[in-house]
Amino acid sequence: MEEDKKAQRSSKGKFTTNAILLLIISFCIFYLLTLPSFHIGTVTITGNNILTEDELFNIAQIPKQYNVLNVNVTETEKRLKSDLRVEKVTVTRKMFTEIVINIEERKPICYIACDYGFLQLDKNGVILTAFKNVKNFNLPIITGMVLENLYIGDIVNDGNIKSMLEYLAMLDEATLNKLSEVNISNQDYFLAYTTNSVQIKLGNKERLAEKANLTKTLLQELSSKNMKVEYIDLNYATPFMKFK
């Protein structure tokens, strides 16, 4: 009987010791895994074409030697959304070792003159950047109006400008790069110009989607067939081209 009691006490003692050791080991592992300097997991970024991964990591305040267990998904998403260059973003955690950041950037679509230089706009009229001078316009410039008292982060609400932003937004990148200017000085007769000095008579604000599609199709045709044209008139259901 006495020996049985000793055996039971010994068994309980071993169990308690093992439990304490297991608890200590678990705590140490947890502590190591949650150290900020302990690199664990992967951060995957998708959808970015303008912003670099380094820039996005900086905005999100994720260190280069990151530990995904310490990354707060909600706070990371808030930080990224606060950046003007980011239109939409979702940050999700996959399992425990991967965080996925899906970015939709605000893409510049044109320039327009202002009282202190030039502004770069996205499709919604959001001012992304301001320049005192622009040496090389890599996007079309909207002419015929000079904006005043507007700065980065402001939204341009002028109806004529918004109509032209709508038109430009419906063009693919290749077609957009072929345009040098859109003139809105006459709101009933908008004009666009290509980098090869071909005038495109857009007319009024009606049928903008159709006109955008025709712009794409006709400029592709002119390029592929090396045709010399003075102007393209899109005012009518059937477009007219005047050849040189």
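S.K.: What is the right way to look at the nonpolar core in this model?
M.R.: One recurring pattern in soluble globular proteins: nonpolar side chains tend to sit buried together. Among the nonpolar cores identified, the biggest contains 42 residues, and L121, I161, M164, Y167, L168 and I232 are the most heavily contacted of them. Per element, the largest residue contribution to this core is six residues, and it comes from helix 6 (residues 208–225). Not counting residues within four places of it along the chain, the set of residues in contact with I161 comprises I112, L121, I142, M145, L147, V156 and I184. Judged by nonpolar contacts, the second largest core, of 19 residues, contains L51, I59, V86 and V91.

S.K.: Quick question: what am I supposed to make of helix 2 (residues 53–60) here?
M.R.: Within helix 2 the residues assigned to the buried category are L56, F57, I59 and A60. Axial view of helix 2: buried residues confined to an arc of 160°, hence all on one face. Exposed residues on helix 2 whose side chains face more than 90 degrees from its buried face are D54 and N58. Phi turns positive one or two residues past the end of helix 2, at Q61, with a value near 60°.

S.K.: Help me out: how do you make sense of the packing of aromatic side chains in this one?
M.R.: Here a ring pair, both rings aromatic, is described through the centre-centre distance and the interplanar angle of the planes. Going through the model one piece at a time under the given rule, you end up with three aromatic pairs. Seen from their ring centres, Y116 and Y151 are 5.4 Å apart, and the 10° between their planes marks the pair as stacked. Residue Y116 is found in the loop between strand 4 (110–114) and strand 5 (117–121), and its partner Y151 is found in the loop between strand 7 (141–147) and helix 4 (159–169); the two are separated by 35 residues along the sequence. Judged by relative accessible area, Y151 falls into the partly exposed class, the value being 45%. With a centroid separation of 6.1 Å and an interplanar angle of 50°, the aromatic rings of Y231 and F240 are classed as tilted. For K201, the ring lying beneath its charged end belongs to Y231, and the centroid distance is 3.9 Å.

Thresholds, definitions, all that
- Residues numbered from 1 in each chain as written.
- Predicted model: local features only at pLDDT ≥ 70, side-chain atom pairs only at ≥ 80, totals over all residues.
- Heavy atoms only, no water.
- Core = buried A, V, L, I, M, F, W, Y, C linked by side-chain atoms within 4.5 Å.
- Buried < 20%, exposed > 50% of the residue type's maximum accessible area, 1.4 Å probe, protein only.
- Helix = DSSP H or I, 4+ residues; strand = E, 2+ residues; numbered from the N terminus.
- Contact = heavy atoms within 4.5 Å.
- Arc of directions from axis to C-beta.
- Phe/Tyr/Trp six-rings, centres within 6.5 Å; stacked < 30°, edge-to-face > 60°.
- Lys NZ or Arg CZ within 6 Å of the ring centre and 35° of its normal.

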